[in-house]
Amino acid sequence: MTAETASSDVDQPSEADDGSSVARIHLITATVFLILGSLVAVVVALQLVLPNLTGDIALLTHGKLAPVSRTLLGQGWLTIGLLGAIYWVLPRITGEGLKRSVLATASLAAIALGVVAGSVAILLGYQSGLVGQETPIWARAILVVGYLLAALAVVGTARANGDRLGAAGWYLTAAPIWLTLSAVVATIPTSAGIPG
C-alpha cells in the first residue's frame, strides 16, 4: 500500500517549525515600536506648530525627538516587521520549516536592544551627528549584530530547499544580507553614514 500526499502537505511546513511563533513575536514587537514611534512623531509635528509644547524640558526638544522617531519607526517598526514577515513567508515558499529559529529570536533581541539603547542615547544627547544614523556607533554596532543574526537565520531556511525559492524567495533571502552589508558600511566612522 502506498500513501498519497496532497500537494498542500508538501507545500506547508509542520506546525512546530513553520515560523509562525517567531513571526508573531516580531510583529508584536514591531507594533509596539510603531505605536511609540508614531506618538513621538506626533509630538515632533506638533512642536513645529506649537514650539513651546514641551516647555524647557531638554530631553524633549525637537532636535532630539525627531531622530528618536526615525529610529523607532525605521529600525524598530519597519525592520523588525519586515523580518517577521520574512520568517513567516519563507518557510511557506520553501516547504521547509524555519531553520535557526534561536538565531531569529536572538536577532530580535539585539535589534530591539539597539533601537531602545540608541533612542535613549539620543535623548541623553549622544547623537552621532550623521543624518539618518543619529544613534551612537555602539548602538549601531548592536543593530549590525542583530541584522547579521537575522541574515544567518534566513539563509539557513532558504538553503533547506533552495530550488523552490523563486524570485520572491531570493528577494526575501537577499534583503537581510543587504541590510547587514549596508549597516556595516554605514557604521564605519569614515563613511559619514548614509550620505557617505
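Notes on the structure in this doc start here. (Residues numbered from 1 in each chain as written. Predicted model: local features only at pLDDT ≥ 70, side-chain atom pairs only at ≥ 80, totals over all residues. Heavy atoms only, no water.)

### Some points on a nonpolar patch on the surface
Note the threshold: Residues forming no salt bridge and having over 30% relative accessible area are the ones grouped into patches, like charges within 9 Å of each other and nonpolar side chains (Val, Leu, Ile, Met, Phe, Trp, Tyr) within 5 Å. Residue exposure ignores everything except the shown protein chains as possible cover, and the areas themselves are Shrake-Rupley values with a 1.4 Å probe. One side-chain nitrogen of Lys or Arg within 4 Å of one carboxyl oxygen of Asp or Glu is enough to make a salt bridge. Put simply, DSSP H or I for four residues or longer makes a helix, DSSP E for two residues or longer makes a strand, and each gets a number counted from the N terminus. Residue burial is assigned from relative accessible area. The probe radius is 1.4 Å, only protein chains are included, and a residue is buried under 20% of its type maximum, exposed over 50%, and partly exposed in between.
Taken together, the side chains of Ile57, Leu59, Leu60, Val116, Val120, Leu124 and Tyr126 make up a nonpolar region of the molecular surface, amounting to roughly 620 Å² of accessible area. Mapped onto the secondary structure, Leu59 falls in the loop between helix 2 (20-49) and helix 3 (62-94). A relative accessible area of 39% means that Leu59 is categorised as partly exposed.

### Thoughts on the environment of Leu90
This is how the line gets drawn: Two residues qualify as a contact provided that any one of their heavy atoms is within 4.5 Å of a heavy atom in the partner residue.
Secondary-structure assignment places Leu90 in helix 3. Relative accessible area serves as the criterion here: at 2%, Leu90 is assigned to the buried category. Remark: the alpha-carbon pair of Leu90 and Trp170, spanning 80 residues in sequence, is separated by 9.5 Å. Those residues in contact with Leu90 that lie beyond four places of it in its chain are Val154, Thr157, Ala158, Leu165, Gly169, Leu172 and Thr173.

### Regarding the layout of surface pockets
Note the following rule: In this analysis the probe radius is 1.4 Å and the grid spacing 1 Å, with only protein atoms considered; a cavity is a set of points the probe fits into but cannot get out of, a pocket is an open set with protein on both sides within 12 Å along at least five of seven lines, and lining residues have an atom within 4 Å of a point. Grid points are joined across faces, edges and corners, and a volume is the space filled by probe spheres set on the points.
One number sums up the size of the second largest pocket: a volume of about 190 Å³. In terms of lining residues, the second largest pocket is bounded by Gly74, Leu78, Thr79, Leu82, Leu83, Ala85, Ile86, Tyr171, Leu172, Ala175, Pro176 and Leu179. Going through the elements one at a time, helix 3 and helix 6 (166-187) are the ones with two or more residues in the lining of the second largest pocket.

### What to know about the nonpolar core
What counts, and what does not: Side-chain atoms within 4.5 Å link the members of a nonpolar core, which is a set of buried Ala, Val, Leu, Ile, Met, Phe, Trp, Tyr and Cys residues.
Counting residues in each nonpolar core, the largest one holds 33 residues, and the members touching the most others are Tyr87 and Ile111. Where this core is concerned, the elements lending two or more residues are helix 2, helix 3, helix 4 (101-123), helix 5 (137-160) and helix 6. Among the elements that take part in this core, helix 3 stands out by supplying ten residues, more than any other. Setting aside its immediate chain neighbours within four residues, Tyr87 contacts Asp18, Gly19, Val22, Ala23, His26, Leu98, Ala104, Ser107, Ala150, Ala153 and Val154.

### Focus: the packing of helix 2 against helix 3
Applicable threshold: All axes here are fitted lines through C-alpha atoms, helices being fitted over the stretch that makes contact, and every angle between N-to-C directions spans 0 to 180 degrees. Between 65 and 115 degrees an angle is taken as roughly perpendicular, under 35 as roughly parallel, over 145 as roughly antiparallel, and anywhere else as oblique. By convention the crossing between two helices is left-handed if the near helix lies anticlockwise of the far one by an angle smaller than a right angle, and right-handed if it lies clockwise. Polar here means any residue other than Ala, Val, Leu, Ile, Met, Phe, Trp, Tyr, Cys and Pro, which are nonpolar, and Asp, Glu, Lys and Arg, which are charged; Gly is therefore polar.
Close contact between helix 2 and helix 3 brings their axes to 7 Å; oriented N to C, the two are set at 155°. Our classification of the angle between helix 2 and helix 3 gives roughly antiparallel. The interaxial crossing formed by helix 2 with helix 3 has left-handed handedness. Of the residues in the contact of helix 2 with helix 3, the class split is 23 nonpolar, eleven polar and one charged.

### Quick look at helix 6
To keep it simple, the criterion reads: What a helix is expected to span follows from its residue count: subtract one and scale by 1.5 Å. Bend at a given residue is defined as the angle between two axes, one fitted to the seven residues that end at that position and one fitted to the seven that begin there.
With 22 residues, helix 6 should reach 32 Å at 1.5 Å per residue; the first-to-last C-alpha distance of 32 Å fits that figure. Of all bends in helix 6, the biggest is about 25°, found at Ala174, and the proline Pro176 comes one to four residues later. For helix 6, the full list of buried residues reads Gly169, Leu172, Thr173, Pro176, Thr180, Ala183, Ala186 and Thr187. Elements that come into contact with the buried residues of helix 6 comprise helix 3 and helix 5.

### Things to note about the packing of helix 2 against helix 4
For the pair helix 2 and helix 4, the least separation of the axes is 10 Å and the interaxial angle reads 10°. Viewed along their axes, helix 2 and helix 4 adopt a mutual orientation that is roughly parallel. The segment helix 2 lies against helix 4, with Val22, Ile25, His26, Thr29 and Phe33 engaging Ser101, Ala104, Thr105, Leu108, Ala112, Val115 and Val116. In terms of residue class, the contact of helix 2 with helix 4 is built from eight nonpolar, four polar and no charged.

### Re the side chain of Ser119
Spelled out, the test is: Whenever a nitrogen or oxygen atom comes within 3.5 Å of another N or O atom, the pair is scored as a polar contact, on the condition that within protein one atom can donate a hydrogen and the other can accept it, and that pairs from neighbouring residues in sequence are kept only if both atoms are in side chains.
Among the structural elements, Ser119 can be located in helix 4. In terms of polar contacts, Ser119 uses its side chain to reach the backbone carbonyl oxygen of Val115, at 2.8 Å. When near neighbours in sequence (up to four residues on either side) are disregarded, Ser119 contacts Val68, Thr71, Leu72 and Thr135.

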